[in-house]
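Descriptive analysis of the structure
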Amino acid sequence: MPTDDSARTPRAHEQLDVDGVAMVRLLGPQDRLLTTLEKQYPLVDVHVRGNQITLEGDPAQVAASKRLIDELLVMVRGGHELGEVEVASSARIIDQGQGSPAEVLSQAILTSRGKSIRPKTLGQKAYVDAIDHHTIVFGIGPAGTGKTYLAMAKAVQALQRKEVDRIILTRPAVEAGERLGFLPGTLTDKIDPYLRPLYDALNEMMDPELVPKLLATGVVEVAPLAYMRGRTLNNSFIVLDEAQNTTPEQMKMFLTRLGFGSTMVVTGDITQIDLPTGASGLQLVTRVLDDIDDIHFARLTSDDVVRHSLVGRIVDAYTKYDAEQQARRHARENGLPDPVEGANREERRRGLPRDRQPRRPRPGAGGR
């Protein structure tokens, strides 16, 4: 009679027959989405034969993975193209009891050239909903979370629905840690490189032949932040991108351009500030305006990254490093022991792997 723990652990078994859906749409090319599902529920063995999926393993995880597959099937049948982000986000929604992933993630903002633009995570859905219900929304989060892309999609949607008369897209003209010197050409030629990401997104969301006409008539305006001073922007959807590179004075100037019938979305990543000196206007505004009605701060995290999965891990690694450096500065200013070095010593005492290479022996110190 077996006495090992695996023999006593109860195992559940579920079998799903997938009808009316091509398995490649559910499982992805080379079964990439199936691999993502297995990562979400490591205690479940998944077997696919034809149009039949068999789940076996931990009862709770089998039940969750079955519900996930059911939700993904609803999304596929509704015309939703699945990716690894959608599978991981759907699993997170189920685990957190946040409702039906098929309902949360099925809201399409725009459909352009047969491609639907929609929120792909809970954080993105909350961000998009906030834009619908607030006059000013700040989208703050790391790279790859769709802050600017979703804001521009909402702007194009508002224009198409005739909720606004024009779209104004702006960003500060600040180099990313480099000095590019004097650029040749007209003023438009000089500022165009700073605004190119906004043009690229516009061309992806709208008919490329229509964009130049809208730009020529002023229905769509793409301009550096310096051009906003002295204006009152009525009946407009205004997006300020890369707001972490604004000074406090620029941020105040921009926000006070708000006119009647307008919506403002401010996006930025406070971990990527390129200002040579001084404080970031985005950092300051989170403290100054945090309690004002009709202003919403949507804070996205690495869970909302929709680029390559490595981007989320890179963001987490830098966040951990920044927290350690901040703790070290606090310790030095208050005459306290180095907390990071103390943690490393504790890891060595317990025999845990260290996060850095071992020190080399000093010349002449042993080793003979």
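Refer to the structure printed above.
So, how was this worked out
Along each chain, the written sequence defines residue order, and numbers are assigned to residues from 1. Local features in a predicted model are, by the rule used here, given only for residues with pLDDT of at least 70; side-chain atom pairs are given and counted only at 80 or more, and totals for whole chains, interfaces and linings are based on all residues. For the side-chain quantities, the full set of heavy atoms in the structure was used; hydrogens and water were omitted. Patch construction takes residues with relative accessible area above 30% that form no salt bridge. Like charges are linked within 9 Å, and nonpolar side chains (Val, Leu, Ile, Met, Phe, Trp, Tyr) are linked within 5 Å. Methods summary: accessible areas were calculated by the Shrake-Rupley approach with a probe of 1.4 Å, and residue burial reflects only the protein chains presented. Salt bridges, as used here, are contacts in which a Lys or Arg side-chain nitrogen is within 4 Å of a carboxyl oxygen on Asp or Glu. We count a stretch as a helix when DSSP gives it H or I for four or more residues in a row; a strand needs E for two or more, and each element gets its number in order from the N terminus. Axes here mean lines fitted to C-alpha atoms, for a helix over just the part in contact, with angles spanning 0 to 180 degrees between N-to-C directions. With respect to orientation, any angle under 35 degrees is reported as roughly parallel, any angle over 145 as roughly antiparallel, any angle of 65 to 115 as roughly perpendicular, and every other angle as oblique. Crossing handedness: left-handed means the near helix sits turned counterclockwise from the far one by under a right angle, and right-handed means the same turn made clockwise. Contacts: residue pairs with any heavy atoms within 4.5 Å of one another. Three residue categories are used. Nonpolar comprises Ala, Val, Leu, Ile, Met, Phe, Trp, Tyr, Cys and Pro, charged comprises Asp, Glu, Lys and Arg, and polar comprises the others, including Gly. For this analysis, a ring pair means two rings from Phe, Tyr or Trp (six-membered ring only for Trp) whose centres lie within 6.5 Å, classed as stacked if their planes differ by under 30 degrees, edge-to-face if by over 60, and tilted for the remaining angles. Throughout, exposure labels follow a simple rule: accessible area from a 1.4 Å probe, protein chains only, divided by the maximum for the residue type, with under 20% read as buried, over 50% as exposed, and the rest as partly exposed. Strands were regarded as paired on the criterion that DSSP finds at least two bridges between them. Definition used in this section: a nonpolar core is a set of buried Ala, Val, Leu, Ile, Met, Phe, Trp, Tyr and Cys residues joined via side-chain atoms within 4.5 Å.

**Overview of a nonpolar patch on the surface**
Together, Leu310, Ile314 and Tyr318 make up an exposed nonpolar region whose accessible area comes to about 320 Å². Turning to its location among the elements, Tyr318 is positioned in helix H13 (residues 309-333).

**Observations concerning the packing of helix H4 (residues 59-77) against helix H5 (residues 84-95)**
Closest axis-to-axis distance for the H4/H5 pair is 10 Å, and the angle between their directions is 125 degrees. Put simply, H4 runs oblique to H5. Read as a crossing pair, H4 and H5 show a hand that is right-handed. Seen from H4, the contacting residues are Ala64, Arg67, Leu68, Glu71, Leu72 and Met75; seen from H5, they are Val87, Ser90, Ala91, Ile94 and Asp95. Tallied by class, the residues present in the contact of H4 with H5 amount to seven nonpolar, one polar and three charged.

**A word on the packing of aromatic side chains**
Applying the stated criterion across every chain, the model contains one aromatic pair. Here the aromatic rings of Phe138 and Phe297 are separated by 4.6 Å at their centres, their planes lie at 10 degrees, and the arrangement is stacked. Of this pair, Phe138 sits in strand E6 (residues 136-140) while Phe297 is found in strand E11 (residues 295-299), placing the two residues 159 residues apart along the sequence. Note on Phe138: relative accessible area 0%, which makes it buried. Note on Phe297: relative accessible area 10%, which makes it buried.

**Re the pairing of strand E9 (residues 236-240)**
Within E9, five of the five residues are buried, which leaves it mostly tucked inside the rest of the structure. Every second residue of E9 is oriented toward a common face, with Ser236, Ile238 and Leu240 on one face and Phe237 and Val239 on the other, all of them buried. Relative to E9, strand E7 (residues 166-171) runs parallel, the two sharing five bridges. Bridge pairing in E9 places Arg166 opposite Ser236. Relative to strand E10 (residues 263-268), E9 is paired through four bridges, and the arrangement is parallel. Paired with Val239 across the strands is Val265, a residue of E10.

**Here's the deal with the nonpolar core**
Of all hydrophobic cores here, the largest spans 35 residues; its most connected members are Tyr127, Leu169, Leu202, Met205, Val222 and Phe237. Considering every element that reaches this core, the biggest residue donor is helix H8 (residues 147-160), with eight residues. Excluding anything up to four places from it in sequence, Met205 contacts Leu110, Ser112, Ile117, Tyr149, Met152, Ala153 and Val156. Grouped together as the second largest cluster of nonpolar side chains are 31 residues, Leu16, Leu34, Leu37 and Leu105 included.

**Here we look at the sheet that holds strand E1 (residues 12-17)**
If you trace the three strands from one edge of the open sheet to the other, you get E1-E3-E2, paired in antiparallel fashion. Looking at which strands have only one partner, the edges of the open sheet turn out to be E1 and strand E2 (44-49). Averaged over all neighbouring strand pairs, the angle between strand axes comes to 15 degrees, with direction disregarded. In terms of strand pairing, E1 meets strand E3 (residues 52-57) through six bridges, oriented antiparallel. Residue pairing in the sheet places Leu16 in a bridge with Ile53 of E3. Of the strands in this sheet, E1, E2 and E3 are in contact with H4, which crosses E3 at around 155 degrees.

**A word on the sheet that holds E9**
Judged by pairing direction, the sheet is parallel, and its six strands sit side by side in the order E8-E7-E9-E10-E6-E11 without closing on themselves. Strands with a single pairing partner mark the edges of an open sheet, and in this sheet they are strand E8 (220-224) and E11. This sheet shows a mean twist of 15 degrees between the axes of neighbouring strands, independent of strand direction. Bridging between E6 and E11 involves five bridges; their strand directions are parallel. By the bridge assignment, Phe138 is partnered in E11 with Phe297. Helix H12 (residues 281-288) rests against E6, E10 and E11 of the sheet, and its axis sits at about 125 degrees to E6.

**What to know about the pattern of salt bridges**
Evaluation of the coordinates by the stated rule reveals 12 salt bridges. In this structure, the salt-bridge partner of Glu71 is Arg67, at a minimum N-O distance of 3.8 Å. Of the two residues, Glu71 and Arg67 both sit in helix H4, four residues apart, roughly one turn of that helix. Of the residues examined, Glu71 reaches a relative accessible area of 11% and is grouped as buried. Arg67 gets classed as partly exposed once you look at its relative accessible area, which sits at 33%. Between Asp132 and Lys154 there is a salt bridge, with its nearest N and O atoms 2.6 Å apart.

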